[in-house]
Amino acid sequence: MKLYFQLLLCFALLTGIQANSLAQKKKTAAAKPAAFNSANRPKNLSDTALLELVQKQTFRYFWEFGHPVSGLARERSNIAFDYGDEVCTIGGTGFGVMAMVVAAERQWQPRDSVAARLLKMVKFLSKADHYHGIFPHWLNGATGKIIPFGRKDDGGDLVESSFLFQGLLAARQYFDRNTELERELRNRITWIWDEAEWDWYTRGNPNQLYWHWSPNNGWAMNFELRGYNETLITYIMGASAPRYPVTRQVYDKCWAQSDHFKNGKEYYGVKLPLGFEYGGPLFFTHYSFLGLDPRNLKDQYADYWEQNVNHSLINYKHCVANPGKFKGYGENSWGLTASDTYNGYNAHSPTNDFGTITPTAALSSFPYTPEQSMKALRHFYDDMGDRIWSEYGFTDAFNETQNWYATSHLAIDQGPIIVMIENYRTGLLWKLFMKDPDVQKGLKKLGFESPSLGISSRN
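Parameters and conventions
Residues numbered from 1 in each chain as written. Predicted model: local features only at pLDDT ≥ 70, side-chain atom pairs only at ≥ 80, totals over all residues. Heavy atoms only, no water. Axes fitted to C-alpha atoms, helices over the stretch in contact; angles between N-to-C directions. Helix = DSSP H or I, 4+ residues; strand = E, 2+ residues; numbered from the N terminus. Left-handed = near helix turned anticlockwise from the far one by under 90°. Contact = heavy atoms within 4.5 Å. Nonpolar A, V, L, I, M, F, W, Y, C, P; charged D, E, K, R; others polar. Core = buried A, V, L, I, M, F, W, Y, C linked by side-chain atoms within 4.5 Å. Buried < 20%, exposed > 50% of the residue type's maximum accessible area, 1.4 Å probe, protein only. Pairing = 2+ DSSP bridges. Expected span 1.5 Å × (residues − 1). Polar contact = N/O pair within 3.5 Å; in protein donor to acceptor, adjacent residues only side chain to side chain.

Going by the annotation in an unreviewed UniProt entry, the name recorded for the protein is Glycoamylase-like domain-containing protein, with Dyadobacter beijingensis given as the source organism.

Participant: How do you make sense of the packing of helix α4 (residues 90–105) against helix α14 (residues 411–425) when you look at a structure like this?
Facilitator: A pair of packed helices is characterised by two quantities: the angle between their axes and the separation of those axes. Contact pair α4 / α14: the axes reach a minimum separation of 8 Å and the direction vectors enclose 35 degrees. Relative to α14, α4 is oriented so that their crossing is left-handed. Residues Gly-92, Phe-95, Met-98, Ala-99 and Val-102 of α4 form the contact with α14, whose participating residues are Ala-411, Ile-412, Gly-415, Pro-416, Ile-418, Val-419 and Glu-422. Residue composition of the contact of α4 with α14, grouped by class: nine nonpolar, two polar and one charged.

Participant: Sorry if this is basic, but what is going on with the environment of Arg-183 here?
Facilitator: With respect to the element layout, Arg-183 can be found in helix α7 (residues 180–194). Among residues more than four places away in sequence, those in contact with Arg-183 are Arg-177 and Asn-178.

Participant: Looking at this model, I keep getting lost on the nonpolar core. Mind explaining?
Facilitator: One recurring pattern in soluble globular proteins: nonpolar side chains tend to sit buried together. Counting residues in each nonpolar core, the largest one holds 114 residues, and the members touching the most others are Phe-175, Trp-198, Leu-292, Tyr-304 and Phe-448. Those residues in contact with Phe-175, other than ones at most four positions away along the chain, are Val-101, Ala-104, Arg-111, Val-114, Ala-115, Leu-118, Glu-182, Leu-185 and Arg-186. If you look at the next biggest cluster of nonpolar residues, it comprises 29 residues, including Leu-50, Tyr-329, Ile-357 and Met-384.

Participant: Would you mind going over helix α9 (residues 248–255) with me for this structure?
Facilitator: An α-helical turn contains 3.6 residues, so a residue and the one three or four places further along point in the same direction. Within the span of α9, buried status applies to Val-250, Tyr-251, Asp-252, Cys-254 and Trp-255. If you follow the buried residues of α9, they end up packed against α8 (232–240) and α10 (304–321).

Participant: Help me understand the pairing of strand β6 (residues 270–274), please; the structure alone is not making it clear to me.
Facilitator: Across a regular strand the side chains alternate sides, sitting on one face of the sheet and then on the other. Judged by how many residues are buried, β6 sits mostly within the fold: four of five residues are covered. Two elements, strand β5 (residues 262–267) and β6, share four bridges in a ladder whose sense is antiparallel. Looking at β6, one finds that Glu-266 is bridged to Lys-271. Between β5 and β6, which pair antiparallel one after the other, the connecting turn spans two residues, and Tyr-268 there sits at a positive phi close to 55 degrees.

Participant: Sorry, what's going on with α4 here?
Facilitator: Relative to the 22 Å expected for 16 residues at 1.5 Å per residue, α4 spans 23 Å between its end C-alpha atoms, a close match to the ideal helical length. For α4, the tally of buried residues reaches 15 of 16 residues, placing the bulk of the element in the interior. Among the residues of α4, the N-terminal cap falls to Thr-89, whose side-chain oxygen and the backbone nitrogen of Gly-92 are separated by 3.1 Å. The positive-phi residue at the C-terminal boundary of α4 is Gln-107, with phi of around 60 degrees.

Participant: Just to check I follow, could you spell out unusual backbone geometry for this structure?
Facilitator: Trans is the prevailing form of peptide bonds, just as negative phi is the prevailing case for residues other than glycine. With an omega of 5 degrees, the peptide bond running from Gly-227 to Tyr-228 counts as cis. Mapped onto the elements, Tyr-228 comes out in the loop between β4 (212–213) and α8. A positive phi angle, near 55 degrees, is found at Tyr-268, a position not held by glycine. The class for Tyr-268 is partly exposed, based on a relative accessible area of 32%.

Participant: Help me understand the side chain of Arg-172, please; the structure alone is not making it clear to me.
Facilitator: Mapped onto the elements, Arg-172 comes out in helix α6 (residues 158–174). On the basis of relative accessibility, which here comes to 12%, the residue Arg-172 falls in the buried class. Here Arg-172 is in contact with Arg-186, Ile-189, Thr-190, Trp-193, Asp-436 and Asp-438, once residues within four sequence places are set aside.

Encoded structure:
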């Protein structure tokens, strides 16, 4: 079983999410205000107005539903298993940080209010549990103590931390004013960034990089970061680290050495340079690329714009072809990625398709497939809004074959909608992240070419 299926299966078993269970029906008061009525949503919006509404409404998940003590992003809007609503996600918080940058830029909230909220979060993180400067997958949002993701997954999570730092470095670039508030925010981000020991997670081997380390269980998880999947950003952050970086050797010897790295086959008439058969779930094209700008981004292995566009098109074409004959699939209803589903949680893809469409898949692909994504957005909002539109934007997923519509929201699905739509509209987060001096050094170290680096393509 491939790595991402192993991890997502682990997640599903741990959280015990069942769509029709009592646990999913239990809500915090903040999660489902009684006053919200999807039937009252604005109608006949222009494309631009609809994009703005979706971004702004989805942002409420991070602003209004963020943990009241720490400000971090809660894992999900429903109470999962026995953890209650204290569970905060490090990766989802990184996505939420980027969403807050969008909110400041678009003036959904005052710039100073956003900066103050981020400062509160960074102060909390500076005192929270960490493992050689690397944060765990989950934290208790009130205490900062680790909530184990699994029996042995009770330490640092290098991948989740890379999602967090991707967001924090973008925020460090955005909040650049010479005010006491913004100076302190930048300085505190720099402090926790400098202290992250990425090289610890090589176990002293220049040819390996590992996902987890625990003071209780050491390297027992034993997951090497081999591509191609959502963890490209982890290598970039590791190479960019100012004090404890990883080398290019580990990128070439671990990441690029995998039976699911190079592809080169065609699916539905579209060539896929890297990755699994049919590309895998679409979050591969989102998580690493919320800040990392794939436009004309190349290294010795791929053109990452081509990779992401083609992966998205294969996913779209699969849903249009609909070999499983699922109800509701078509050119205006598509998108397979990891999400809740009618019987739990799963990493949906063309090779793991059970009829569940996840709105974040198509909506976070706006930069790659703007026409196809707009058709999906129109359908989700105009035709299905009474079932899947909520106070936090679209709910997580739906399966019309099973007549199932989620009531839940997940931070890791909501965040990319805001950020990738913004990158489609203005390129804001791409511009911010790519101008960070540490990031530029890391990309150059790994052999990347990008207009943002002042390096022209060899091709």
